[in-house]
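Structural overview
What follows is the residue order along each chain.
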Amino acid sequence: MDETQRDAPASAPDPVGRREFLSSALRLGGGVLVFLAGAPAIGEAGEGYDWTQHRWAYLIDTEKCIGCGSCVRACKAENDVPDGFFRTWVERYVVSPEASHVDSPKGGLEGFPPIQTPFAPTKSFFVPKMCNHCKETPCVQVCPVGASYRTQDGVVLVDGERCIGCGYCVQACPYGSRFLSPETHTAEKCTWCYHRITKGLRPACVEVCPTATRQFGDMRREDDPVRLAIARGRVSVLQPHLLTEPQCFYLALDKEVR
Amino acid sequence: MESARHVFRVLFLLVVGIAIFSIGRTFLVPKSYGAYGPYRFDNVAEQAAIRLPRHGGAAACGACHPERLKALSAGAHRTVACEVCHAPLALHVRDGAKVADMAVDRSFTMCARCHRRLEGRPAAFPQIVLAQHQGGVEGTACIECHDPHGPKL
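Thresholds applied
Residues numbered from 1 in each chain as written. Chains lettered and ligands numbered in written order. Predicted model: local features only at pLDDT ≥ 70, side-chain atom pairs only at ≥ 80, totals over all residues. Heavy atoms only, no water. Helix = DSSP H or I, 4+ residues; strand = E, 2+ residues; numbered from the N terminus. Rg over C-alpha atoms; globule rule 2.2 N^0.38 Å. Buried < 20%, exposed > 50% of the residue type's maximum accessible area, 1.4 Å probe, protein only. Contact = heavy atoms within 4.5 Å. Areas by Shrake-Rupley, 256 points an atom, 1.4 Å probe, with all protein chains shown as cover. Lys, Arg positive; Asp, Glu negative; His and termini not counted. Charge placed at Lys NZ, Arg CZ, Asp CG, Glu CD. Pairing = 2+ DSSP bridges. Axes fitted to C-alpha atoms, helices over the stretch in contact; angles between N-to-C directions. Patch = residues over 30% accessible without salt bridge, like charges linked within 9 Å, V, L, I, M, F, W, Y side chains within 5 Å. Salt bridge = Lys/Arg side-chain N within 4 Å of Asp/Glu carboxyl O. Polar contact = N/O pair within 3.5 Å; in protein donor to acceptor, adjacent residues only side chain to side chain. Buried area = accessible area lost by both parts, 1.4 Å probe. Core = buried A, V, L, I, M, F, W, Y, C linked by side-chain atoms within 4.5 Å. Domains from an automatic or database assignment.

**What about the overall build of chain B?**
Along chain B, the regular secondary structure elements total six helices and two strands. Relative to a compact globule of 153 residues, whose C-alpha radius of gyration would be 15 Å, chain B shows 32 Å and is clearly more extended. Seen through its C-alpha atoms, chain B measures out along the principal axes to roughly 110 × 40 × 25 Å. Within chain B, the proportion of its 153 residues that are buried is 27%. Long-range contacts, defined here as pairs at least 24 residues apart, represent 35% of the contacts in chain B between residues at least 6 apart. As presented, chain B carries roughly 10,200 Å² of accessible surface, and 64% of it is formed by carbon and sulfur atoms. Across chain B, the 18 positively charged side chains and the 12 negatively charged ones have centroids separated by 5 Å.

**Overview of the sheet that holds strand β2 (residues 88-95) of chain A**
Residue and element names in this part refer to chain A. Taking strand neighbours across the sheet as the criterion, the three strands line up as β3-β2-β4 in an open arrangement whose pairing is antiparallel. Edge positions in the sheet fall to β3 (100-103) and β4 (123-130), since each has one partner strand and no second. The mean angle between the axes of side-by-side strands here comes to 20°, regardless of whether they run parallel or antiparallel.

**Considering a nonpolar patch on the surface**
Nonpolar side chains collect at one region of the surface, where B:Phe8, B:Phe12, B:Leu13, B:Val16 and B:Ile20 lie side by side and expose about 540 Å² of accessible area between them. Residue class for B:Ile20 comes out exposed when judged on its relative accessible area of 60%.

**Section: the side chain of A:Thr213**
Residue and element names in this part refer to chain A. Looking at the element boundaries, threonine 213 is found in the loop between α7 (204-208) and β9 (214-218). Reaching out from threonine 213, the side chain makes a polar contact with the backbone nitrogen of cysteine 65 at a distance of 3.1 Å. Residues within four places of threonine 213 in sequence aside, it is in contact with Leu59, Ile60, Asp61, Lys64, Cys65 and Pro128.

**Describing the interface of chain B and chain A**
You'll often see interface size given as the accessible area lost when the parts meet. Taken together, the contact between chain B and chain A spans 41 residues of the former and 60 residues of the latter. Summing the contributions of chain B and of chain A, the shared interface buries around 4,200 Å²; its carbon and sulfur component is 57%. The largest contributions to the chain B side of the interface with chain A come from B:His55, B:Arg113 and B:Glu119, which together make up 16% of the buried area. At the junction of chain B and chain A, the tally comes to four salt bridges. Counting across the interface, chain B meets chain A through 18 residue pairs in polar contact (both at pLDDT 80 or more). No other element matches the six residues that helix α2 (residues 42-48) of chain B contributes to the side of chain B that touches chain A.

**Quick notes on the nonpolar core**
Counting 41 residues, the largest nonpolar core has A:Tyr58, A:Trp192 and A:Tyr194 as its most contacted members. Every element with two or more residues in this core is listed here: β1 (56-61), α3 (70-79), β2, β4, α6 (194-197), α7 and β10 (248-251) of chain A together with α2 of chain B. At four residues, the largest contribution of residues to this core is made by β4(A).

**Overview of unusual backbone geometry**
Both trends apply: most residues other than glycine have a negative phi, and most peptide bonds are in trans. Residue and element names in this part refer to chain A. Although it is not a glycine, histidine 133 sits at a positive phi angle of roughly 45°. Residue placement: histidine 133 occurs in the loop between β4 and α4 (138-142). Accessibility expressed as a relative area gives 0% for histidine 133, which makes it buried. Positive phi, normally seen in glycine, also occurs at glutamate 245, with a value near 50°. Here glutamate 245 shows up in the loop between α8 (225-232) and β10.

**With respect to the sheet that holds β9(A)**
Residues and elements named next belong to chain A. Across the sheet, which stays open at both edges, the three strands sit in the order β9-β1-β10 with mixed pairing between neighbours. Strands at the two margins of the open sheet, each flanked by one partner only, are β9 and β10. Each strand of the sheet is rotated relative to its neighbour by a mean of 25°, with strand direction disregarded. Pairing between β1 and β10: four bridges, direction parallel. From the neighbouring strand, aspartate 61 faces β10, where its bridge partner is leucine 251. Along the sheet, α8 makes contact with β1, β9 and β10, crossing β1 at roughly 70°.

**Quick notes on helix α6 (residues 108-115) of chain B**
Taken together, the buried positions of α6(B) are B:Phe108, B:Met110, B:Ala112, B:Arg113 and B:Cys114. In this structure, the buried residues of α6(B) make contact with α3 of chain A together with α5 (82-85) of chain B.

**Side note on the domain arrangement of chain B**
For chain B, the assigned domains are domain 1 (2-48), domain 2 (53-102) and domain 3 (105-148). Taking only C-alpha atoms into account, the centre of domain 1 of chain B sits 65 Å from that of domain 3 of chain B.

**Description of the environment of B:Ala63**
With respect to the helices, strands and loops of the structure, B:Ala63 is situated in the loop between α3 (58-62) and α4 (66-74). Put simply, B:Ala63 and B:Val29 are 34 residues apart on the chain and 47 Å apart in space, counted from C-alpha to C-alpha.

**A short note on the pattern of salt bridges**
Residues and elements named next belong to chain A. Using the criterion set out here, one finds 19 salt bridges over all chains in the structure. Of the charged contacts, one joins lysine 255 and glutamate 256 as a salt bridge, the two residues approaching to 2.8 Å between their closest N and O atoms. Judged by its relative accessible area of 61%, lysine 255 falls in the exposed class. Residue classification places glutamate 256 among the partly exposed positions, given a relative accessible area of 22%. Several salt bridges converge on common partners, so that one network encompasses Glu78, Arg196, Arg202 and Glu207.

**Focus on the pairing of β1(A)**
Residues in a regular strand point their side chains to alternate faces of the sheet. All names here are of chain A. Within β1, six of the six residues are buried, which leaves the element mostly enclosed by the surrounding structure. Here β1 runs beside β9; their pairing, made up of five bridges, is antiparallel. Bridging across to β9, leucine 59 finds its partner in glutamine 215.

In structure tokens:
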């Protein structure tokens, strides 16, 4: 490089310095790469749907849940969830100060049978579970092929075309929200019914919940009931110590719930 | 001159390498990959159009059955979506036309999912202990006495 500078014709008014040359070369190289990658197809996610105008959030009031399992059945019907797998499920906690019992027969698909515990329960409740659509999501970080991603409206999705079914994300999810479908052999999970919410509908589980345990809202709308409940109420999330920043918020969550 | 040939060889290999890389890349990387992050952006639209919504909601049911919706809205089951006891709307109506009879779950099991006395349910929620209920035999259809659209005690 020094040589180039020395050999530069004296008539050249402004010889290219090493720093300048390198920075231009890098910029040019970057530009070439972007050009080779092809101009990104920027458009709307769905017809007439602008994902920058929404940021979805989910609110679950565990004190209202009656454990009927309507949500689990609706999810299965809406999303063709394979038998034995669940995108959402309901857990029953039967607790005393000395012991606790947790069950979720068939994920709550058929509701819950009466239960006898060897201890005298002092409290019991149902907790609906699903993908938490974390902001700092571990499942997206571990995907080796870029099949898992988080949309700008806050939904974690799986691209079935790119997914190679390695199952890293299934193991990475601390909430057990993902599974490998025996039909497609790719990872599947709750999408907050992306095919519904992009058309102005609510997710199927929220649609059928008879007690308003499950609520769905838009954090970008100032007057949204869910946004207000999260903003003003005392909400918690599952496993906050993992710092995954879940976007499913819970009311009246018990210490027994993981 | 020997040194010039060395430089030429290196440059030639570099150009060939870049060409192979860029040609290979255009084949291997999907078109919309990287538009908003390390994922295929086209998939967002694909997910939004993955299938037609199957649950229509009470308002959609009420478009054809306003009297039923009105009766339901007046009773204690006003918060229960039609599609909890009936099948999802898409199995009954497509493109505004009826495609099949609406399936209805009239079973005891259906009612029991919500109303059998169960550990875990909120105490204020109406629950039935079968043994203490009017001739309570498991399996007897509750709706023989109770109107599911406007249940009264």
